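Structural features, examined
For reference, the chains in residue letters:
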Amino acid sequence: MECVVGNTCSIPTNWGLLRPCSGFPTKNGVLKVCSSSCNGRGVNGARLKMLGSRTVWNEGRRGLRGVARCSMSGNSMQSMALHQLSEWLSKQGFPTQDVILTGFGEEGVGLAAGRDFKEGEVALKIPENYTVTGVDVVNHPVVAAPAAGEKSVWYPYLQTFPSTTLSPILWTAEEQQKLLKGSPALEEVQQRSAALEGEYEDLQSYFTKDPQAFPQEYFSLEAFKSAFSVILSRAVYLPSADLFALVPYADALNHRADSQAYLDYSMEDQAVVFPVDRNYKEGEQVFTSYGRERSNADLLITYGFVDENNAMDYLDLEVGLVDGDRLLVLKQQILQQAMLDSPQTFPLYLDRFPTQLLTYMRLSRLQDPALFPKIVFDKDIMLDQANEYECLQLLMGECRTKLGNYEGGVDDEIRLLKNKKISQRERVAAQLRLCEKKILTSTMTALRNRLAPIRGIPTKSGGLKDPNADINEMFDMVEQVASAPKKFFDNMFKK
């Protein structure tokens, strides 16, 4: 859900409800400053995050814009596989659904409305015995049968899975370094890859005990990673049950950013259900969302695609209090009351960032205790011009540093994407870098616009001209002058 100037958001986060947003003027309109942390730990959706050798499932992000292909598209969903899947579902007594497996050109296979739907109507209802969870696989001899290969009763369903994905966890280390250079996704990919390799090493003892049952050609590290990425791209999070499941038929739903519909488990029906979020005419494709407030880096790692129109795409910025500050203890107490930490991470979006970030920066640089009562984290209140100027310049410098970590600029990525000869991996990586660079350049534009009226721009006549005119060139020169020693930036941004 986007924050709109003057509106009140109601997505619960660990900081409470979102509140009204204020706006920053930019060249292209308004860059909104959302008073929420927008940290993505909202309701519904899910994200797999791996740290070390431990796997952790976290709530993820929904509400993206645009259409993405379902993972059933491509060669893996040929007409024969569709026919076999339909026959298999029929033999298993699968109940008739009001949505139909249909091909949608370049979008691949999806689900079309078999009749007219009104908002709120249930379009899918799949009994729980047709789903597969991790608990089922471990404990149930029948459901565990997917591991039996072609002899498995689930084989026709497994045939609809893609053979692989474009997730960077499947790329070589060299490809990761080259294609994700500058992107925060690189570190995340490396952590997840290392975690997968650790899990594989733990399983090796089982594989080596019976090489005939576990032939190396099918149980290699590469095969293990590929299988993991495929399952990750197909697993559905069911919020009410707080678990992930493979849900045949339902996993053909394609993703669209503005969709507010999602699959969930109904205790009353003992089934996975899908109520639509809008009216549909018979034959129209029915959409879901793959996750609320998910960054493009997360989408690429999890599903292997980038949504270039993702309104909820973001980059994290970590800030903290300054070591040695004489008011450090008082500032820590203020942060604790606001349920914030030091260091603290905030999101930067293409058209907005949270007011908490600005307030945090103002507090971190404040040296007059008399101004502490003016610190309010859900409102955009400037303390004084000197403090404001310093904070905005620090944010500007950090954005410039992050942008400098990439090779080339926005125009370079646009030119690269016009090249039809680049590989699929090169293309999705370029799409990701482009989106991230746009976020940084948009944030810098907003910061420049906010700095201009504070500083003022002298003219040859000795007066001041419109502070919002021709500011880009002036601030490009100002930003090249160091405003603080490197140690200060290291303390502030905790690199």
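Presented here is a report on the structure given in the accompanying data block. Note that the structure is predicted; figures quoted are calculated from it, not measured. (Residues numbered from 1 in each chain as written. Predicted model: local features only at pLDDT ≥ 70, side-chain atom pairs only at ≥ 80, totals over all residues. Heavy atoms only, no water.)

**Notes on the overall build of the protein**
- When you go through the protein residue by residue, the secondary structure sums to 14 helices and 19 strands.
- Every one of the 495 residues in the protein was classed for burial, and the buried ones make up 49%.
- Nonlocal contacts in the protein, meaning residues at least 24 apart in sequence, comprise 68% of its contacts between residues at least 6 apart.
- Carbon and sulfur atoms provide 52% of the accessible area of the protein, an area that totals close to 23,900 Å². (Helix = DSSP H or I, 4+ residues; strand = E, 2+ residues; numbered from the N terminus. Buried < 20%, exposed > 50% of the residue type's maximum accessible area, 1.4 Å probe, protein only. Contact = heavy atoms within 4.5 Å. Areas by Shrake-Rupley, 256 points an atom, 1.4 Å probe, with all protein chains shown as cover.)

**So, the sheet that holds strand β16 (residues 271-275)**
- The strand order across the open sheet built from three strands is β10-β16-β15, with neighbouring strands paired in antiparallel fashion. Of all strands in the sheet, those with a lone pairing partner are β10 (122-127) and β15 (264-266), marking the two edges. Each neighbouring strand pair of the sheet contributes to a mean axis angle of 35°, computed without reference to strand direction.
- Strand direction decides the pairing type here: β15 and β16, joined by three bridges, are antiparallel. Looking at β16, one finds that S266 is bridged to A271. (Pairing = 2+ DSSP bridges. Axes fitted to C-alpha atoms, helices over the stretch in contact; angles between N-to-C directions.)

**Side note on unusual backbone geometry**
- Residue P343 is reached from S342 by a cis peptide bond, and omega for that bond is 5°.
- Note on placement: P343 falls in the loop between α8 (328-337) and β19 (344-349).
- Phi angles above zero are rare outside glycine, and Q270 is one such case at about 55°.
- Mapping Q270 onto the fold places it in the loop between β15 and β16.
- For Q270, a relative accessible area of 36% gives the class partly exposed.
- The phi angle at M339 is positive, at roughly 60°, despite the residue not being glycine.
- Position of M339 relative to the elements: it lies in the loop between α8 and β19.
- Look at M339 and you get exposed, because its relative accessible area is 53%.

**A look at α8**
- Residues of α8 that are buried include every one of K331, I334 and L335, and no others. Projected down its long axis, α8 shows its buried positions confined to an angular sector of 100°, all on one face. For α8, the exposed residues set more than 90 degrees away from the buried face come down to V329, Q336 and Q337.
- Residues of α8 that are buried make contact with α9 (355-365).
- Count one or two residues on from α8 and you reach M339, which has phi positive near 60°. (Arc of directions from axis to C-beta.)

**Let's talk about the packing of α9 against helix α10 (residues 385-404)**
- Taken N-terminus to C-terminus, the directions of α9 and α10 make an angle of 115°; their axes are 9 Å apart at the nearest point. In this structure, the crossing between α9 and α10 has a hand that is right-handed. Here L357, L358, M361, R362 and R365 of α9 come into contact with α10, specifically with N387, E388, E390, C391, L392, L394 and L395.
- Partitioning the contact of α9 with α10 into residue classes produces seven nonpolar, one polar and four charged. (Left-handed = near helix turned anticlockwise from the far one by under 90°. Nonpolar A, V, L, I, M, F, W, Y, C, P; charged D, E, K, R; others polar.)

**Looking at the packing of helix α5 (residues 185-209) against helix α7 (residues 296-303)**
- Put simply, α5 and α7 touch, their axes get as near as 10 Å, and they point 30° apart. Taken together, α5 and α7 sit at an angle that is classed as roughly parallel. Remark: the crossing between α5 and α7 carries right-handed chirality. For the pair α5 and α7, the contacting residues are A185, E188, V189 and R192 in the first and A297, D298, I301 and T302 in the second.
- Of the residues in the contact of α5 with α7, the class split is four nonpolar, one polar and three charged. (Parallel < 35°, antiparallel > 145°, perpendicular 65-115°, else oblique.)

**Regarding the packing of aromatic side chains**
- Applying the stated criterion across every chain, the model contains 15 aromatic pairs.
- Judged by centre distance (6.1 Å) and plane angle (10°), the ring pair of W88 and Y157 falls under stacked. Here W88, found in helix α1 (residues 79-91), pairs with Y157, found in helix α3 (residues 155-158); they are 69 residues apart in sequence, far enough to count as distant.
- Residue classification places Y157 among the buried residues on the basis of a relative accessible area of 2%.
- Judged by centre distance (6.0 Å) and plane angle (50°), the rings of Y200 and F207 are tilted. One exposure class covers both Y200 and F207, and it is buried.
- A connected cluster of aromatic rings, assembled from ring pairs, spans Y200, F207, F214, F219 and F224. (Phe/Tyr/Trp six-rings, centres within 6.5 Å; stacked < 30°, edge-to-face > 60°.)

Take it as geometry only, folks, not as evidence of what the structure does.
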